[in-house]
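Chain by chain, the residues run as shown.
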Amino acid sequence: MRRAGIALAVWLWAGCGVVGSPIPPENVGVSFTIEQQKKRDALEAQQREAAESQAAAEPEGQDVNLPALRPVGTR
């Protein structure tokens with residue numbers, strides 16, 4: 001039992017502090033986050049402008065939208 005405890009302690013101690021894969025410095029920090037947010041905001045603004053331009057175009061023709069033509073009283 002004592003050997004298992006020692007083995008477990010050594011295994012945990014060896015596993016602590018293991019270094020993962022390195023992160024490139026250009027993908028870390030505040031400036032990278034700000035650049036990503038600016039890109040995302042610009043993309044959202046373009047999408048918003050495109051949606052507004054599509055919504056602003058009203059169909060030409062009648063002033064009042066009429067219901068679809070359907071025969072009344074038939075099956």
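Everything that follows concerns the structure shown earlier in this document.
No experiment lies behind these values; they were computed from the predicted model shown.

S.K.: Mind showing me how you'd approach the overall build of the chain here?
M.R.: Across its full length, the chain holds two helices and zero strands. Per-residue burial over the chain gives 0% buried out of 75 residues. Accessible surface, the chain as shown: approximately 7,800 Å² in total, 59% of it carbon and sulfur.

S.K.: Teacher, can you tell me more about a nonpolar patch on the surface here?
M.R.: A cluster of nonpolar side chains, namely L8, W11 and L12, defines an oily patch on the protein surface of about 350 Å² accessible area. Mapped onto the elements, W11 comes out in helix α1 (residues 2–15). Note on W11: relative accessible area 60%, which makes it exposed.

Conventions adopted
- Residues numbered from 1 in each chain as written.
- Predicted model: local features only at pLDDT ≥ 70, side-chain atom pairs only at ≥ 80, totals over all residues.
- Heavy atoms only, no water.
- Helix = DSSP H or I, 4+ residues; strand = E, 2+ residues; numbered from the N terminus.
- Buried < 20%, exposed > 50% of the residue type's maximum accessible area, 1.4 Å probe, protein only.
- Areas by Shrake-Rupley, 256 points an atom, 1.4 Å probe, with all protein chains shown as cover.
- Patch = residues over 30% accessible without salt bridge, like charges linked within 9 Å, V, L, I, M, F, W, Y side chains within 5 Å.
- Salt bridge = Lys/Arg side-chain N within 4 Å of Asp/Glu carboxyl O.

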